[in-house]
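Each chain, letter by letter, is given below.
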Amino acid sequence: AEFLYRFANVFGTPNVTTPGYLCYFPRVVTHLTACGALPIADYERKPACILLWGCNPHITSPEEYKGVQFVRALEGAKLIVVDPRYTTIAARADLWLQLRPGTDAALMLCLINVIIEEGLYDREFVEQHTVGFDRLAARAKEYSVDRVADITWVPPEQIRAAAHLYATTKPAALHPGQVLDGSVNCVSNALAGIHLMAVTGNLDRAGGNMLFSP
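Draft legend 1. Inspection of helix α7 (residues 133-141) at higher detail. Of the residues making up α7, those classed as buried are Phe133, Leu136, Ala137 and Ala140. Burial along α7 is one-sided: seen end-on, the buried residues are contained in an arc of 100°. Within α7, the exposed residues directed more than 90 degrees away from the buried face are Asp134 and Arg135. Check the buried side of α7 and you find it contacts α5 (104-117), α6 (123-129) and α10 (186-199).

Draft legend 2. Spatial organisation of the sheet that holds strand β5 (residues 172-176). The 4 strands lie next to each other as β4-β3-β2-β5, forming an open sheet whose pairing is parallel. Because the sheet does not close on itself, it has two edges, and the strands there are β4 (95-97) and β5. Each strand axis lies, on average, 15° off the axis of its neighbour in the sheet, ignoring direction. Inspection of the sheet shows strand β3 (residues 78-82) paired to β4 by 3 bridges, in the parallel sense. What sits directly across from Val81, in β4, is Trp96.

Draft legend 3. Examining the packing of helix α8 (residues 145-152) against helix α9 (residues 156-168) more closely. Where α8 contacts α9, the axes come no closer than 9 Å and their chain directions differ by 110°. The angle between α8 and α9 falls in the class roughly perpendicular. Crossing of α8 against α9: the hand is right-handed. For the pair formed by α8 and α9, the contact residues are Val145, Asp146, Val148, Ala149 and Thr152 on the first element and Pro156, Ile159 and Arg160 on the second. Taken together, the residues that form the contact of α8 with α9 break down as 5 nonpolar, 1 polar and 2 charged.

Draft legend 4. Broad picture of the nonpolar core. Core analysis: the largest hydrophobic core is formed by 47 residues, its most contacted members being Trp53, Ile80, Ile115, Ile159 and Tyr166. The element contributing the most residues to this core is α5, with 10 residues. Leaving out residues up to four positions away in the same chain, Ile115 has contacts with Leu120, Tyr121, Ala163, Tyr166, Ala167, Leu196, Val199 and Thr200. Counting residues in hydrophobic clusters, the runner-up holds 15 residues, among them Ile50, Cys55, Ala77 and Ile89.

Draft legend 5. The arrangement of the side chain of Asp104 in detail. Topologically, Asp104 is positioned in helix α5. With no salt bridge to any partner, buried Asp104 finds its closest opposite charge in Arg100, at an N-O distance of 10 Å. Filtering out sequence-adjacent residues up to four positions away, Asp104 remains in contact with Trp53, Leu99, Leu180 and Asn189.

Draft legend 6. Representation of the packing of aromatic side chains in the model. This structure, assessed with the given rule, holds 4 aromatic pairs. Ring geometry for Phe7 versus Phe11: centroids 5.9 Å apart, planes at 15°, classification stacked. Of the two residues, Phe7 and Phe11 are both situated in helix α1 (residues 2-11); the distance of 4 residues between them amounts to about one turn of the helix. Assessed through its relative accessible area of 55%, Phe7 is described here as exposed. Residue classification places Phe11 among the exposed positions, given a relative accessible area of 61%. Taking 5.7 Å as the distance between ring centres and 65° as the angle between the ring planes, the aromatic pair formed by Tyr43 and Phe70 counts as edge-to-face. A residue pair is termed long-range when its members are at least 10 positions apart, and Tyr43 in the loop between β1 (38-41) and β2 (49-53) and Phe70 in helix α4 (residues 67-74) qualify at 27 residues. Among the residues examined, Phe70 registers a relative accessible area of 0% and is labelled buried. Here the basic side chain of Arg147 rests over the ring of Tyr143, its NZ or CZ set 4.6 Å away from the ring centre.

Draft legend 7. Structural detail: the state of the cysteines. Per the stated rule, a full pass over the model turns up 0 disulfides. Its sulfur unpaired, Cys35 is 16 Å from the next cysteine sulfur, which belongs to Cys186. Taking the relative accessible area as the measure of exposure, Cys35 reaches 24% and is therefore partly exposed.

Analysis parameters
- Residues numbered from 1 in each chain as written.
- Predicted model: local features only at pLDDT ≥ 70, side-chain atom pairs only at ≥ 80, totals over all residues.
- Heavy atoms only, no water.
- Buried < 20%, exposed > 50% of the residue type's maximum accessible area, 1.4 Å probe, protein only.
- Helix = DSSP H or I, 4+ residues; strand = E, 2+ residues; numbered from the N terminus.
- Arc of directions from axis to C-beta.
- Contact = heavy atoms within 4.5 Å.
- Pairing = 2+ DSSP bridges.
- Axes fitted to C-alpha atoms, helices over the stretch in contact; angles between N-to-C directions.
- Parallel < 35°, antiparallel > 145°, perpendicular 65-115°, else oblique.
- Left-handed = near helix turned anticlockwise from the far one by under 90°.
- Nonpolar A, V, L, I, M, F, W, Y, C, P; charged D, E, K, R; others polar.
- Core = buried A, V, L, I, M, F, W, Y, C linked by side-chain atoms within 4.5 Å.
- Lys, Arg positive; Asp, Glu negative; His and termini not counted.
- Salt bridge = Lys/Arg side-chain N within 4 Å of Asp/Glu carboxyl O.
- Phe/Tyr/Trp six-rings, centres within 6.5 Å; stacked < 30°, edge-to-face > 60°.
- Lys NZ or Arg CZ within 6 Å of the ring centre and 35° of its normal.
- Disulfide = S-S within 2.5 Å.

The following block contains the structure:
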């Protein structure tokens, strides 16, 4: 992208863009707006649980991540995979949530709802480092397990199991895939992901999702 911008500048045209505007940039802008930096899965400090959402880092080595980091971190860690497809990594997951494509935000809000309703959230982190928790709880409450099971096609027991595993296995890292960005719900997906990290106290936590600023 840097070379493309430089070429356009020398050529004398402002008409240049990259595929990033259709995928990665919506997440970056949303994350910067919500918490000032990018919350990156901290594979270097061994998460105890990895929530892999719509991606295959061991194959694609996307964005901030490298496949080798993921594979190393996976050893001994619990793994939750959210993906419509039964991928090779889903085959070895502790939980595979085969959701209906495009219903990611609803599922995230439902996980948040279960975590809050069942008292699994990190009260100390929420009180000291967040704002608007009551509004988030009220919004998430609209997404009950039964309602979201109908929306996403994920069985209720799997939704509850995923919420419990992610919230109680510390530290836990959420790794979102590009598919969450290339959607009409890209901002909602990114925000819900940050909320999920925050309510469980995994935001800017070693082994969770560290805030990264270049």
